[in-house]
Each structure stands twice: as C-alpha cells, then as structure tokens.
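# Structural characterization, general
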Amino acid sequence: MPTNNKSNKLIAEKSPYLLQHAHNRVDWYPWGEEVFNKAKKENKPILVIIGYSCCHWWRVY
C-alpha cells in the first residue's frame, strides 16, 4: 500500500493497528471529540472503519 512521509492524526496513538496507518494518504482521525466536532462544524458524516490486521505472510500466502 502506498504511503507518504506526512503523518496523520493517528501518529500519536498507542495501538499498533492504528500506528500502521499513521502514514496513509487518508487523513485518519482517532475516535474522539475532535473528529465529532470537526464533522459537526463542516456538516459532514463520519465514516467508521472497523479493520483488521494480519501478518505479512498471511496476506501473501
């Protein structure tokens, strides 16, 4: 998956799953008041992603 050098809001998280997405091109936000306030202010819906994580070899096997 392509990544970039700029980090998003997940860079400060402790979860290994969230940290592996901290350099995605999507400007991800962790669950919290900041994202709810931003969505309300911009009158935008919130997309909730419930993902999974697996090791490299499981994906390529």
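Look up: the structure comes first, before these words.
For the structure given in this document, a descriptive report is provided here. (Residues numbered from 1 in each chain as written. Predicted model: local features only at pLDDT ≥ 70, side-chain atom pairs only at ≥ 80, totals over all residues. Heavy atoms only, no water.)

## Notes on the layout of surface pockets
Estimated volume of the largest pocket: approximately 660 Å³. Along its surface, the largest pocket is lined by 23 residues, and Trp28, Tyr29, Leu47, Val48 and Ile49 are the ones closest to its centre. Those elements that place two or more of their residues in the lining of the largest pocket are helix H1 (16–19) and helix H2 (33–42). Counting residues per element, the lining of the largest pocket draws most heavily on H2, at five residues. Split by residue class, the lining of the largest pocket holds 17 nonpolar, two polar and four charged. (1 Å grid on protein atoms, 1.4 Å probe; cavity = no way out; pocket = protein on both sides within 12 Å on 5 of 7 lines; lining within 4 Å. Points joined across faces, edges and corners; volume = space filled by probe spheres on them. Helix = DSSP H or I, 4+ residues; strand = E, 2+ residues; numbered from the N terminus. Nonpolar A, V, L, I, M, F, W, Y, C, P; charged D, E, K, R; others polar.)

## Re the side chain of Asn24
Assignment of secondary structure puts Asn24 in the loop between H1 and H2. Note on Asn24: relative accessible area 9%, which makes it buried. A distance of 3.0 Å separates the side chain of Asn24 from the side chain of His21, its partner in a polar contact. (Buried < 20%, exposed > 50% of the residue type's maximum accessible area, 1.4 Å probe, protein only. Polar contact = N/O pair within 3.5 Å; in protein donor to acceptor, adjacent residues only side chain to side chain.)

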